[in-house]
Amino acid sequence: NPETTGLYTNNTGYVSKADAWLTPQKYPPAVEINIEVPKRNGTHFPLFQVGLGGPVEMFNPPQSYWGQRAPNGGVTYEVPSGLEYPSDVDFVNRTWSNPDTGIVHAFHGRHWGNWLFKLADRDEDLRYLTFGSGGFQEARGSRGGAEWYVENIFEELDSPGEWFYNQSTKTLYLYPNGSLPTEGIGTNLESLIEIRGSMDSPVVNVTLLNLEFAHSATTFLSDYEVPSGGDWSVHRGGTVFVEGTKKFLLQNCLFNAPGGNGLCLSGYNRNAVIEGNEFIWSGDSGIVAVGTSEHIDGTLGTQPRGNKIIGNLVHENGVFGKQTSAYMQALACQTELIGNVFFNGPRAGINFNDGFGGGNLLKNNLLFNHVRETLEHGPFNSWDRLPYLTDVKTGTASLMPALSNVTGNFIINTYNSFFPIDHDDGSCYYLDTYNYLIYGGYKNYLGHSKTVQNNVYVYPDTSHNPFCAISNAASRDYLPSGWGEVYSNNTCLIGNPNIYEFGSCNLDDPEGLIPLT
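Worth saying up front: this structure is predicted, and the values here are computed from it rather than measured. (Residues numbered from 1 in each chain as written. Predicted model: local features only at pLDDT ≥ 70, side-chain atom pairs only at ≥ 80, totals over all residues. Heavy atoms only, no water.)

A. Structural detail: the overall build of the protein. Secondary structure assignment for the protein yields 0 helices and 44 strands. Relative to a compact globule of 517 residues, whose C-alpha radius of gyration would be 24 Å, the protein shows 23 Å and is just as compact. Overall, the C-alpha framework of the protein stretches about 70 × 55 × 50 Å when taken along its three principal axes. Across the protein, contacts joining residues at least 24 apart in sequence account for 72% of those joining residues at least 6 apart. With an accessible surface of roughly 20,700 Å², the protein has 50% of that area assigned to carbon and sulfur atoms. Side-chain charges of the protein comprise 29 positive and 53 negative groups, with the mean position of each set lying 6 Å from the other. (Helix = DSSP H or I, 4+ residues; strand = E, 2+ residues; numbered from the N terminus. Rg over C-alpha atoms; globule rule 2.2 N^0.38 Å. Contact = heavy atoms within 4.5 Å. Areas by Shrake-Rupley, 256 points an atom, 1.4 Å probe, with all protein chains shown as cover. Lys, Arg positive; Asp, Glu negative; His and termini not counted. Charge placed at Lys NZ, Arg CZ, Asp CG, Glu CD.)

B. Structural view of the nonpolar core. Residues L83, W148 and V150 are the most contacted members of the largest nonpolar core, which totals 47 residues. Of all elements in the fold, only β3 (48-52), β6 (103-108), β7 (114-123), β8 (128-134) and β9 (145-151) reach the threshold of two or more residues within this core. If one sorts the elements of this core by residue count, β7 sits on top with 4 residues. With 39 residues, the next largest nonpolar core counts Y327, F342, F352 and I421 among its residues. (Core = buried A, V, L, I, M, F, W, Y, C linked by side-chain atoms within 4.5 Å. Buried < 20%, exposed > 50% of the residue type's maximum accessible area, 1.4 Å probe, protein only.)

C. Just the pairing of strand β36 (residues 428-433), in detail. Among the 6 residues in β36, 5 count as buried, and that is most of the element. Two strands pair when backbone bridges link them, and strand β33 (residues 404-407) and β36 are joined in this way by 4 bridges, in the parallel orientation. Bridging from a neighbouring strand, N405 pairs with L431 of β36. Pairing geometry for β36 and strand β39 (residues 448-453), over 5 bridges, is parallel. (Pairing = 2+ DSSP bridges.)

D. Quick look at the side chain of T374. Summarising the element assignment, T374 is placed in the loop between β31 (366-368) and β32 (380-382). Look past the residues within four positions of T374 in its chain and what remains in contact with it is F107, H111, W112, G113, K322, P346, R347 and N416.

E. Spatial organisation of a negative patch on the surface. A cluster of acidic residues, D100, D121, D123, E124 and D125, forms a negative patch on the protein surface. Within the secondary structure, D100 is located in the loop between β5 (82-84) and β6. Residue classification places D100 among the exposed residues on the basis of a relative accessible area of 51%. (Patch = residues over 30% accessible without salt bridge, like charges linked within 9 Å, V, L, I, M, F, W, Y side chains within 5 Å. Salt bridge = Lys/Arg side-chain N within 4 Å of Asp/Glu carboxyl O.)

F. Local environment of the pattern of salt bridges. A full pass over the atoms with the stated rule returns 20 salt bridges. Between R94 and D90 there is a salt bridge, with its nearest N and O atoms 4.0 Å apart. Judged by relative accessible area, which is 62%, D90 ranks as exposed. Here R94 makes a salt bridge to E156, at a shortest N to O gap of 2.6 Å. Of this pair, R94 sits in the loop between β5 and β6 while E156 is found in the loop between β9 and β10 (163-166), placing the two residues 62 residues apart along the sequence. You can call R94 partly exposed: its relative accessible area is 29%. Judged by relative accessible area, E156 falls into the buried class, the value being 16%.

G. Expanded view of the sheet that holds β3. If you trace the 3 strands from one edge of the open sheet to the other, you get β2-β3-β4, paired in antiparallel fashion. Because the sheet does not close on itself, it has two edges, and the strands there are β2 (31-35) and β4 (63-64). Here β3 runs beside β4; their pairing, made up of 2 bridges, is antiparallel. Among the inter-strand pairings, L52 is bridged to a residue of β4, identified as Q63.

H. Structural detail: the confidence of the model for the protein. Averaged over all residues, the pLDDT of the protein is 94; the fraction at 70 or higher stands at 96%. Across the protein, the secondary-structure element scoring lowest on mean pLDDT is strand β44 (residues 500-501), at 87, and the one scoring highest is strand β22 (residues 287-290), at 99. Note on residues 513-517: pLDDT under 50 across the span, and 22 contacts to partners over four residues away in sequence or across chains. (pLDDT = per-residue confidence, 0-100.)

I. Quick look at the state of the cysteines. Under the counting rule described, the total for this entry stands at 1 disulfide. The disulfide partner of C468 is C492, and the gap between their sulfur atoms is 2.0 Å. Here C468 and C492 share a disulfide; its torsion about the S-S bond, -90°, makes the bridge left-handed. Placement of the pair is C468 in the loop between β40 (456-458) and β41 (469-472) and C492 in strand β43 (residues 491-493), with a sequence separation of 24 residues. We classify C492 as partly exposed; its relative accessible area is 24%. Unpaired in terms of disulfides, C333 finds its nearest cysteine sulfur in C428, a separation of 14 Å. Its relative accessible area of 4% is what places C428 among the buried residues. (Disulfide = S-S within 2.5 Å.)

J. Region of the structure containing the environment of T299. Position of T299 among the secondary structure elements: in the loop between β22 and β23 (304-305). Classification of T299 as partly exposed rests on a relative accessible area of 29%. In the structure, T299 is positioned 93 residues away from V392 in sequence and 8.8 Å away in space, judged by C-alpha atoms. Other than its neighbours up to four places away in sequence, T299 contacts L389, T390, D391 and A397.

Structure (structure tokens):
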């Protein structure tokens, strides 16, 4: 069963490949917004840029950094329109009476996440599966995929524990696992509790205490959006959905197999405390915090700010969505993540999709067994491709975020993780101190202004990038990066004699050797 095994096991339940991926659907070009004033001078990602409609019209709202013709750091979003399945798949000689009930799960070609599509049709002669809606569960897109499987086909009901619901006849079919159940649970509720206020009229002092939330509906074919310039899309919803609140408290609750996200903090939320809860078997992420902005302008305050995520246990997330995490935030800031235990997930344990506002604190967390089904990521991941005006650092509108602190964390960099703290494209204004990091070194990629001190790196040469520190950034003219990086007083246990990798540095130009000082 690929839902409960996955790519981290020997018997994954996936078909290993397609013979071919069908050409992506054609779309008109997006309408592009490029804001040149204000801009972040002296950085690799100076401008706020976004594409509206066209190739990203399937997102809601229909906009994305990756909708542009030439997004800085990547290519325009597109996904295949179907696949040609191999001649030796086990269903090749079985006819499906209603293929359009099917759902196809497929990994991104570079394993940056996965897609889920409604199946539109099957051509048995050409061995084609043609996709309907879907493919928006990650933001980058690709012309081809990787491992895949198809579910929800009546003729494939052939193993104990499987079931199929015929919507037209309202009949539930079950393949028993040795005995028949005496009762069943069905749900069509995405959110079991919704709390909705506004910035002008917030809901204040609501507490949810000692509750179990179980079996909410799946959301992987619902609306997804690309909130900012990171790689991720997100469904703005959850088993508990909270928007427009002050001093919301969620404490000692169990989220048992949410169909999508466990908890969603959407838009304006101030001083929420999420403490001592367990999230297990989430369809997407355990906790998401997602704000809004008026393009570059985030000064209106319609974001989660000043919230505390303390002492939570989040594991086995990403049953359906593989570009998901224990905790994810986008257009949110001043978050405190303290004393949490996050493990067993398909991608990052903690993901910051942007650098909006900054002022975050990650302290005394334990992260392990992440990036189990994807690639090129870490247990903690950050991006910062888009500038935002906020008032977080100084109280007045500025593109400069407040410093975020990553301190005292224990992170084990196993499975397919590249770096324990993965500061990816453009990440800046971080202070990483006193972390104990196993099987990985320090990374800077196209970012700047990070101070990394008094950390312990243990055997980074057993990972995909066998160095104590790597900086792939050294341009000094057009789109500069790599400046203001301090790497000092760290301890690194390593067998590889080459302990630093300077990537783009020109060793004959001493003035260019600025990524690590």
